[in-house]
Amino acid sequence: MGRKKSKNAGATGKETLTYHERKQLGYGTANERLGKDSVGNYYDCRLTLRPAVDPVCCPDGYIFSREAILENLLAQKKANKKKLAAWERHQEKLKEKEMEQAAIDREVSVLAFDRRNHGGSSQVTVDKIQHVAVQGAKAIMGGKQTVSSAKTIKENEERSKNMKAFWVPGQGPEVEDSVEKIDVHTRCPASGKPLKMKDLIRLKFKRSKGGGVHEFEDPISGDSFTNASRLVVLKPTGDVVLWDTWKRMIKPDGQYDGIPVQDEDIIELCAGGTGFSEHDKDALQSSKYFALGSNMARGQSAPGGSRFGLQLN
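The structure presented is a predicted model; accordingly, all values stated were derived computationally and were not measured. (Residues numbered from 1 in each chain as written. Predicted model: local features only at pLDDT ≥ 70, side-chain atom pairs only at ≥ 80, totals over all residues. Heavy atoms only, no water.)

Enquirer: How would you explain the overall build of the protein if you had to name every residue and give the values?
Expert: Within the protein, the regular secondary structure consists of 6 helices and 12 strands. Taken over 313 residues, the protein has a buried fraction of 25%. Of the contacts made within the protein by residues no fewer than 6 positions apart, 59% connect residues no fewer than 24 positions apart. Accessible surface, the protein: about 22,400 Å² in total, of which carbon and sulfur atoms supply 51%. (Helix = DSSP H or I, 4+ residues; strand = E, 2+ residues; numbered from the N terminus. Buried < 20%, exposed > 50% of the residue type's maximum accessible area, 1.4 Å probe, protein only. Contact = heavy atoms within 4.5 Å. Areas by Shrake-Rupley, 256 points an atom, 1.4 Å probe, with all protein chains shown as cover.)

Dropping the structure here:
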């Protein structure tokens, strides 16, 4: 039996690249494993990506510098206020248009009734008059200039002959401005969930004795915190402790330092990066799509360069 020819094969210089050839040139999705530095430390701010100053956390366990998160929430409030004002102005314009349209409909109805009952006009003629009256009123409302004389019509015909566009600018459909009502809630920049300033909880880290600036320990057991540690914050006090400490020492008594603490009073903090996929999960995986170019055939115009710096000749 003869060899089968590729269905993509064509004339010389017009054969389409195979998937393998495109992959060799950098086409497709590239995956890369990141290090622990891409995740950050457990005490880093999610906005500044630096050690948090006067740390606070949101109800989802993300840590921020107090100044950074307050500035972010205030900026969101200002932006939402401007968008809300624009939406209210748009609603006022819509109401004005509706009122004007209702007034036009009433006037047209009166005119049609008069023509039908006193002018002796037929229903077809009355419908045409109504249509012309409504269209003219809409043109006036929209600020359009209507053609009112034979001279103007002739001038427009001569002008349209010299136009390179295939449409008449004055007769094209117009797109009405639409402003959607925005969500006025400020949101957490890390989780995207609604967040208010009063929801922030100030954290208390106990510094390790003789340790560095960013070395902290459990206030009860004295164990040092690491990026692999499972940490929780006690909402009534703001103290940060290990999960095991909460489970074994605080929860059985139902209090900490004389203050009642229940299950709903703890928040688990987001852990830092360790570089191990078992701990960091998807945070260590990054992907990016690379397109070879718009022309994927041999002999055509040169496509864009690949991520390997190769060129297709």
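Now that the structure is up, let's keep going.
Enquirer: Please provide a residue-by-residue account of the sheet that holds strand E3 (residues 63-65), values included.
Expert: Spatially, 3 strands are ordered E3-E2-E4 in an open sheet, and the strand pairing comes out antiparallel. Of all strands in the sheet, those bounded by a partner on one side alone are E3 and strand E4 (201-202). In the sheet, strand E2 (residues 55-57) pairs with E3 via 3 bridges, with the strands oriented antiparallel. Across the sheet, residue Cys57 finds its bridge partner in E3, namely Ile63. (Pairing = 2+ DSSP bridges.)

Enquirer: So what's going on with the sheet that holds strand E8 (residues 240-242)? Which residues, and what values?
Expert: Strand order in the open sheet formed by 3 strands is E8-E7-E11, with antiparallel pairing between adjacent strands. Each edge of the open sheet is held by one strand with a lone partner, namely E8 and strand E11 (266-268). For this sheet, the mean angle separating the axes of adjacent strands, direction not counted, is 35 degrees. By the bridge criterion, 3 bridges tie strand E7 (residues 231-234) to E11 in an arrangement that is antiparallel. Opposite Val233, over in E11, you have Ile267 as the bridge partner. The strands that helix H5 (residues 243-250) touches are E7, E8 and E11; relative to E8, the one it contacts most, it runs at about 85 degrees. (Axes fitted to C-alpha atoms, helices over the stretch in contact; angles between N-to-C directions.)

Enquirer: Residues and numbers for the pairing of E7, please.
Expert: Neither face of E7 is open: one carries Leu231 and Val233, the other Val232 and Leu234, and all of them are buried. Pairing of E7 with E8 involves 3 bridges; the strand directions are antiparallel. Bridge pairing in E8 links Leu231 to Leu242. Counted along the chain from E7 to the antiparallel partner E8, the turn is 5 residues long, and its residue Gly238 has a positive phi close to 85 degrees.

Enquirer: Provide a residue-level description of the nonpolar core, including the pertinent values.
Expert: Phe64, Leu203, Phe205, Phe225, Val233, Val240 and Leu269 are the most contacted members of the largest nonpolar core, which has 27 residues in total. Taken together, the elements giving at least two residues each to this core come down to E2, E3, helix H2 (66-117), E7 and E8. Setting aside residues no more than four positions away along its own chain, Val240 makes contact with Leu203, Lys204, Phe205, Pro219, Phe225, Leu231, Val232, Val233 and Leu269. Judged by nonpolar contacts, the second largest core, of 8 residues, contains Leu234, Ile250, Tyr256 and Ile266. (Core = buried A, V, L, I, M, F, W, Y, C linked by side-chain atoms within 4.5 Å.)

Enquirer: Now, about the environment of Arg202: what can you tell me, with residues and values included?
Expert: Mapped onto the secondary structure, Arg202 falls in strand E4. In sequence terms Arg202 and Lys235 are 33 residues apart; their C-alpha atoms lie 8.7 Å from each other. Each residue touching Arg202, except ones within four places of it in the same chain, is listed here: Asp54, Pro55, Val56, Arg66 and Gly238. A distance of 3.5 Å separates polar atoms of two side chains, one belonging to Arg202 and the other to Asp54. (Polar contact = N/O pair within 3.5 Å; in protein donor to acceptor, adjacent residues only side chain to side chain.)

Enquirer: Break down the state of the cysteines for me, citing the residues and quoting the values.
Expert: Counting across every chain of the model gives 0 disulfides. Between Cys57, a cysteine without a disulfide, and Cys58, which holds the nearest cysteine sulfur, the sulfur-to-sulfur distance is 6.4 Å. Assessed through its relative accessible area of 0%, Cys57 is described here as buried. Not part of a disulfide, Cys270 finds its nearest cysteine sulfur in Cys58, a span of 7.2 Å. (Disulfide = S-S within 2.5 Å.)

Enquirer: Please set out the pattern of salt bridges residue by residue, giving values where relevant.
Expert: Counted according to the given criterion, the structure contains 6 salt bridges. A salt bridge links Lys193 to Asp60; the nearest nitrogen and oxygen atoms lie 3.5 Å apart. Here Lys193 is found in the loop between helix H4 (150-161) and E4, whereas its partner Asp60 is found in the loop between E2 and E3, with 133 residues between them in sequence. On the basis of relative accessible area, Lys193 is assigned to the partly exposed category, the value being 46%. Residue Asp60 is classed as partly exposed on the basis of its relative accessible area of 30%. Lys206 is paired through a salt bridge with Glu217; the nearest N and O atoms lie 3.7 Å apart. With Lys206 in strand E5 (residues 206-207) and Glu217 in strand E6 (residues 216-217), this residue pair connects regions lying 11 residues apart in the sequence. According to the relative accessible area criterion, Lys206 is partly exposed, its value standing at 35%. (Salt bridge = Lys/Arg side-chain N within 4 Å of Asp/Glu carboxyl O.)

Enquirer: Lay out the environment of Gly238 with the relevant residues and their values.
Expert: For Gly238, the location among the structural elements is in the loop between E7 and E8. By relative accessible area, Gly238 is classed as buried at 1%. The spacing of Gly238 and Phe205 is 33 residues in sequence and 8.7 Å in space, taken between C-alpha atoms. The contact partners of Gly238, leaving out residues within four places of it in the chain, are Arg202, Leu203, Lys204 and Val233.

Enquirer: Let's hear about H5: which residues, and what values?
Expert: Three or more residues of H5 are buried, namely Thr245, Trp246 and Ile250. For H5, the angular spread of buried residues about the axis comes to 100 degrees, placing them on one side. (Arc of directions from axis to C-beta.)

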